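# Summary of the model geometry
Here is what each chain is made of, one letter per residue.
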Amino acid sequence: QVQLVESGGGLVQPGGSLTLSCAASGSIFSINTMGWYRQAPGNQRELVAAITSGGSTNYAESVKGRFTISRDNAENTVHLQMNSLKPEDTAVYYCNAVILDSTYYYTGDYWGQGTQVTVSS
């Protein structure tokens, strides 16, 4: 069984910063891409940022220059440093990872439970 557990959400004022973290655990053989998605009320879930096992990154245009994604392959963790936060960044943020599990050698798309980020004065 594979699990993704997120931490680090909360309430922050506009212009502030937050760091989200996500740890993958369980029967993991290898992890391919890890990323962060977000979903605001009434909106579809959208990609925020993603990072491959080799370190290549991809960002949504709306967060380029403000957010930084990083990962620790040894620890199976991924982080999202969010700076210069805006009210429109308010959403539930979900961790995502493409994982090959070590029990059945099945490659699956796994999601965390989500963490709320609210940007408001």
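A short tour of the structure in this document, coming up. (Residues numbered from 1 in each chain as written. Predicted model: local features only at pLDDT ≥ 70, side-chain atom pairs only at ≥ 80, totals over all residues. Heavy atoms only, no water.)

Attention now moves to the sheet that holds strand E3 (residues 18–26). The strand order E1-E3-E8-E7 describes an open sheet built from four strands, whose pairing is antiparallel. Each end of this open sheet is capped by a strand with a single partner; those strands are strand E1 (2–7) and strand E7 (67–72). On average, each strand axis in the sheet is inclined to that of its neighbour by 15°, with strand direction left out of account. Pairing geometry for E1 and E3, over six bridges, is antiparallel. Within E3, the residue paired with glutamine 3 across the bridge is serine 25. (Pairing = 2+ DSSP bridges. Helix = DSSP H or I, 4+ residues; strand = E, 2+ residues; numbered from the N terminus. Axes fitted to C-alpha atoms, helices over the stretch in contact; angles between N-to-C directions.)

Evaluated as defined, the whole model comprises four salt bridges. A salt bridge links arginine 38 to glutamate 46, with the shortest nitrogen-to-oxygen separation between them at 2.8 Å. Between aspartate 89 and arginine 66 there is a salt bridge whose closest N-O contact spans 2.8 Å. Of this pair, aspartate 89 sits in the loop between strand E8 (77–82) and strand E9 (91–101) while arginine 66 is found in the loop between strand E6 (57–59) and E7, placing the two residues 23 residues apart along the sequence. The same class applies to aspartate 89 and to arginine 66, which are both buried. (Salt bridge = Lys/Arg side-chain N within 4 Å of Asp/Glu carboxyl O. Buried < 20%, exposed > 50% of the residue type's maximum accessible area, 1.4 Å probe, protein only.)

Turning to the pairing of strand E11 (residues 115–119), a few remarks are in order. What you see with E11 is a clean split: Thr115, Val117 and Val119 sit on the buried side and Gln116 and Thr118 on the side with no burial. Two strands pair when backbone bridges link them, and E9 and E11 are joined in this way by three bridges, in the antiparallel orientation. Bridge assignment links tyrosine 93 to a residue of E11, and that residue is threonine 115.

Position of aspartate 101 relative to the elements: it lies in strand E9. Of the side chains with opposite charge, arginine 71 comes closest to the buried, unpaired aspartate 101, at an N-O distance of 16 Å. One polar contact links the side chain of aspartate 101 to the main-chain amide nitrogen of threonine 103, over a distance of 2.8 Å. In this structure, aspartate 101 is in contact with Val2, Ser27, Ile28, Phe29, Tyr106 and Tyr110, ignoring residues within four places of it in sequence. (Lys, Arg positive; Asp, Glu negative; His and termini not counted. Polar contact = N/O pair within 3.5 Å; in protein donor to acceptor, adjacent residues only side chain to side chain. Contact = heavy atoms within 4.5 Å.)

Quick look at the packing of aromatic side chains now. Tallied over the entire structure, the rule returns two aromatic pairs. When the ring of tyrosine 37 is compared with that of tryptophan 111, the centres are 5.0 Å apart and the planes differ by 65°; the resulting orientation is edge-to-face. Placement of the pair is tyrosine 37 in strand E4 (residues 28–39) and tryptophan 111 in strand E10 (residues 107–111), with a sequence separation of 74 residues. Overall, tryptophan 111 belongs to the partly exposed group, its relative accessible area being 35%. Seen from the ring of tyrosine 94, arginine 45 lies directly overhead, with NZ or CZ sitting 3.7 Å from the centre. Positioned above the aromatic ring of tryptophan 111, the side-chain terminus of arginine 45 is 4.7 Å from the ring centre. (Phe/Tyr/Trp six-rings, centres within 6.5 Å; stacked < 30°, edge-to-face > 60°. Lys NZ or Arg CZ within 6 Å of the ring centre and 35° of its normal.)

Moving on to the nonpolar core. Within the largest apolar cluster, 32 residues are counted, with the highest numbers of intra-cluster contacts made by Trp36, Leu80, Met82, Tyr93 and Ile99. Those elements that provide at least two residues to this core are E1, E3, E4, strand E5 (46–51), E7, E8, E9 and E11. Tallying contributions element by element places E9 first for this core, with five residues. (Core = buried A, V, L, I, M, F, W, Y, C linked by side-chain atoms within 4.5 Å.)

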